[in-house]
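Per-entry structural report
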Amino acid sequence: MSRHVSRRDMLNLLGASGVIAGLGVSRAARADDPVAAPRTATGKVVSSSMHSPASVVDGKVVQPQRTLRVAAETDVLVVGGGPAGVAAALAARRTGAKVLLVERYGHLGGLWTGGLVLIVIGMHAKGPDGKLIQVTRGIGEEMMQRLGKVHRGIVNHRLGASPTVDAEALKYVMVEMVAEAGVDVLLHSWCVDAIVDGKTAKGAIFESKSGRQAILAKVVIDASGDGDIYAAAGAEFEHHRFRTGLVHRIGNLDKVDRAKAKGAKPPRGLGGLTPIQGVNWVNMQGPEADGLDVRDLSRLEMNHRRAIWRSVERVRQSPGYERAYLLETAPQLGVRITRLLTGVSRLTYKDSQAGTKFPDAIGVGGPWGRDKVGAWQIPYGCLVPRSVDGVLAAGRCISGELRMADLLRIIPPCFVTGHAAGVAAAVSAKDGCPPRAVEVPKVQRILKEQGAYLA
Ligand SMILES: Cc1cc2nc3c(=O)[nH]c(=O)nc-3n(C[C@H](O)[C@H](O)[C@H](O)COP(=O)(O)OP(=O)(O)OC[C@H]3O[C@@H](n4cnc5c(N)ncnc54)[C@H](O)[C@@H]3O)c2cc1C
């Protein structure tokens, strides 16, 4: 009597007779098996010699000392692939350094892409003659020019306007740029500790699916947004709670029934235009929270997701807006400010209002929103930790008083400080001197050669 033999039956039969081993498929590999031993990609059963799990000793969880594999040695290690980190990696590479960029997620762009923060504000300010000029240039401007050449990459990229980008186009452009420059990239890698020798950072430890590994570097750039690495290396910092939101995009806004909507109150929460027709991005301020507290982060993710769903439902209930829908919520929560470095210099809001000039200026920021400031310079000292060597900060976690940090954290100053940190780190690695001792005029000259605007 013939009987139907399923694939599972066949595998069981083969396994029982030992044939399966000859086919290169281990018995443990054949199904979802909760007790399966670790395997290599070839299917061989192995045990990890580097593995030393934590255990409970006298009621405390203890992690034994262990030796880590050194995954790479490099001149400049950049932690974090946001606007600051990508600018830093490109700048360091273009200044001749060997560069490794490590990012915890699977894409580049940080909050600019993963946080769906699509609009770039504060790139312009009045110049010395009172005319509007673009103050953020260099690598950040180059990224936007590249986006201009990509289908639906960017809109409003002109003097006096705030360009809005498409996150997917930007992820693509960033990959192209780092690949062209020859930056080595490790994605899906979370930096969890610093490697220090006395008061000098020598690299970082990161976790990934490949396990816990070390990267040794002559200089580390902390572009994690949260100062994770400078904090781990022992640098001093301020820890702040700040407004934390979640951005989303709405689709089908080009399919609004205008006749039906006429005369009715327009719905709230429609956000601003993006390069994709009918798709808007919607910002959210959110409540104050601690972006370093996983409980706060989890609670906000859940609350914000519910609030966004309901907000879009309200839009859909407005006459004419029935076809609108929630396209996506940002994969990355909108954490604005957490750690701020205690740097060799600390930029104040008063400095930006007064237009204070700094001999070690490495770039310029501009006003946005209600801020009544002109162009303001950023000193190199804001990137240099006061008490630790071997590490530079870039992006939203550099040194500034809280009110000023609210200006420093927007995307254009993050390009500027990333660009400068990259050049300074490469000079430091090449000249064999700590970042705090680099020849600042040399850094400034290279920045200008690379298109940056310093004054
Ligand atoms: C809701 C919201 C709205 C905003 N609106 C605007 C706006 O309209 N216009 C504007 O110009 N700016 C805006 N901003 C500010 C701006 O988006 C960010 O401040 C800017 O992106 C910061 O850049 P960054 O490179 O310093 O940090 P991030 O963009 O935060 O990038 C840091 C990167 O480091 C990675 N990382 C973090 N920790 C680790 C680690 N331990 N190991 C490895 N990788 C790590 C992250 O995954 C991320 O990719 C807004 C911010 C928020 C949150």
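1. Here we look at the environment of Tyr380
Assignment of secondary structure puts Tyr380 in the loop between β23 (376–379) and β24 (391–393). You can call Tyr380 buried: its relative accessible area is 4%. Between the C-alpha atom of Tyr380 and that of Ile362, which follows or precedes it by 18 residues, the distance is 5.7 Å. Excluding anything up to four places from it in sequence, Tyr380 contacts Asp360, Ile362, Leu392, Ala424, Pro435, Val438 and Val440.

2. Focus: the environment of Ala354
Residue position: Ala354 is located in helix α9 (residues 349–354). C-alpha of Ala354 to C-alpha of Val373: the two residues are 19 residues apart in sequence and 7.9 Å apart in space.

3. Quick notes on the nonpolar core
Counting 116 residues, the largest nonpolar core has Leu77, Val78, Trp112, Met143, Ile378 and Tyr380 as the members making the most contacts within it. Counting residues in each nonpolar core, the second largest holds 5 residues, with Ala125, Ile133, Val135 and Tyr453 among its members.

4. Remarks on the pattern of salt bridges
Across all of its chains, the model carries 20 salt bridges by this definition. Where Arg339 meets Asp228, a salt bridge forms, and the shortest distance between an N and an O atom there is 3.1 Å. Of the two residues, Arg339 is situated in strand β21 (residues 339–341) and Asp228 in helix α6 (residues 228–232); the sequence distance between them amounts to 111 residues. Its relative accessible area of 14% is what places Arg339 among the buried residues. Judged by relative accessible area, which is 26%, Asp228 ranks as partly exposed. Where Arg409 meets Asp406, a salt bridge forms, and the shortest distance between an N and an O atom there is 2.7 Å. Grouping residues by exposure puts Arg409 and Asp406 together as buried.

5. Notes on the sheet that holds strand β16 (residues 272–273)
Consider a sheet: its strands pair through backbone hydrogen bonds, and that pairing is either parallel or antiparallel. Taken together, the 4 strands give an open sheet; going across it, the order is β16-β17-β15-β19, and neighbouring strands pair in antiparallel fashion. The outermost strands of the open sheet, each flanked by one partner alone, are β16 and β19 (325–329). In this sheet, strand β17 (residues 280–282) lies alongside β16 in antiparallel orientation, the contact comprising 2 bridges. Looking at the pairing, Leu273 lines up with Asn280 of β17. Strands in contact with helix α8 (residues 294–317) are β15 (248–251) and β19; relative to β19, the strand with the most contacts, it is inclined by about 155 degrees.

6. A word on the packing of helix α3 (residues 83–94) against helix α5 (residues 167–181)
Packed helices, taken two at a time, are described by their axes: the angle between them and the distance between them. The geometry of α3 relative to α5 is characterised by a closest axis approach of 9 Å and an angle of 20 degrees between their N-to-C directions. In terms of their interaxial angle, α3 and α5 are classed as roughly parallel. Seen along the crossing, α3 lies across α5 with a hand that is left-handed. Taking contact as the criterion, the partners of Pro83, Val86, Leu90, Arg93 and Arg94 in α3 are, on α5, Met174, Met177, Val178 and Ala181.

7. Focus: the site of the ligand
Around the ligand lies a shell of 33 residues, among which Glu103, Arg104, Leu111, Ile119 and Arg409 are the nearest. One of the backbone N or O atoms of Arg396 is found 2.9 Å from an oxygen atom in the ligand. Ile411 is positioned such that a nitrogen or oxygen atom in its backbone is 3.0 Å from an oxygen atom of the ligand. Relative to its unbound accessible surface of 990 Å², the ligand loses 98% to contact with the protein. Residues that form the shell around the ligand fall into these classes: 18 nonpolar, 9 polar and 6 charged.

8. Details of the packing of α3 against helix α4 (residues 139–148)
Remark: α3 packs on α4, axes separated minimally by 10 Å, with the N-to-C direction vectors making an angle of 105 degrees. Between α3 and α4, the interaxial angle falls into the category roughly perpendicular. Seen from α3, the contacting residues are Pro83, Val86, Ala87, Leu90, Ala91 and Arg94; seen from α4, they are Ile139, Glu142 and Met143. A class-by-class count of the residues in the contact of α3 with α4 yields 7 nonpolar, no polar and 2 charged.

9. Quick notes on the pairing of strand β12 (residues 211–222)
Relative to β12, strand β3 (residues 69–79) runs parallel, the two being bridged by 9 bridges. From the neighbouring strand, Val79 faces β12, where its bridge partner is Asp222. Across 6 bridges, the pairing between strand β11 (residues 200–208) and β12 is antiparallel. In the strand pairing of β12, Ser208 is matched with Gly211. The hairpin formed by β11 and β12 contains 2 residues between the paired strands. Where β12 meets β24, 3 bridges bridge the pair, whose relative direction is parallel. The partner of Val220 across the bridge, within β24, is Val391.

10. Some points on the packing of aromatic side chains
This model, assessed by the stated rule, comprises 1 aromatic pair. For the pair Trp112 and Phe415, a centre-to-centre distance of 5.2 Å together with 65 degrees between the ring planes defines the contact as edge-to-face. Here Trp112 is found in the loop between β4 (99–102) and β5 (124–126), whereas its partner Phe415 is found in helix α11 (residues 411–431), with 303 residues between them in sequence. The ring centre of Tyr453 lies 4.1 Å from the NZ or CZ of Arg137, which sits over that ring. A cation sits over an aromatic face here: Arg403 above Tyr349, 3.7 Å from the ring centre.

11. Overview of a positive patch on the surface
On the surface, a cluster of positive charge is made up of Lys265, Arg268, Arg306, Arg310 and Arg314. Here Arg314 shows up in helix α8. On the basis of relative accessible area, Arg314 is assigned to the exposed category, the value being 52%.

Cut-offs and rules
- Residues numbered from 1 in each chain as written.
- Predicted model: local features only at pLDDT ≥ 70, side-chain atom pairs only at ≥ 80, totals over all residues.
- Heavy atoms only, no water.
- Helix = DSSP H or I, 4+ residues; strand = E, 2+ residues; numbered from the N terminus.
- Buried < 20%, exposed > 50% of the residue type's maximum accessible area, 1.4 Å probe, protein only.
- Contact = heavy atoms within 4.5 Å.
- Core = buried A, V, L, I, M, F, W, Y, C linked by side-chain atoms within 4.5 Å.
- Salt bridge = Lys/Arg side-chain N within 4 Å of Asp/Glu carboxyl O.
- Pairing = 2+ DSSP bridges.
- Axes fitted to C-alpha atoms, helices over the stretch in contact; angles between N-to-C directions.
- Parallel < 35°, antiparallel > 145°, perpendicular 65-115°, else oblique.
- Left-handed = near helix turned anticlockwise from the far one by under 90°.
- Near = heavy atom within 4 Å.
- Polar contact = N/O pair within 3.5 Å; in protein donor to acceptor, adjacent residues only side chain to side chain.
- Areas by Shrake-Rupley, 256 points an atom, 1.4 Å probe, with all protein chains shown as cover.
- Nonpolar A, V, L, I, M, F, W, Y, C, P; charged D, E, K, R; others polar.
- Phe/Tyr/Trp six-rings, centres within 6.5 Å; stacked < 30°, edge-to-face > 60°.
- Lys NZ or Arg CZ within 6 Å of the ring centre and 35° of its normal.
- Patch = residues over 30% accessible without salt bridge, like charges linked within 9 Å, V, L, I, M, F, W, Y side chains within 5 Å.
- Lys, Arg positive; Asp, Glu negative; His and termini not counted.
- Charge placed at Lys NZ, Arg CZ, Asp CG, Glu CD.

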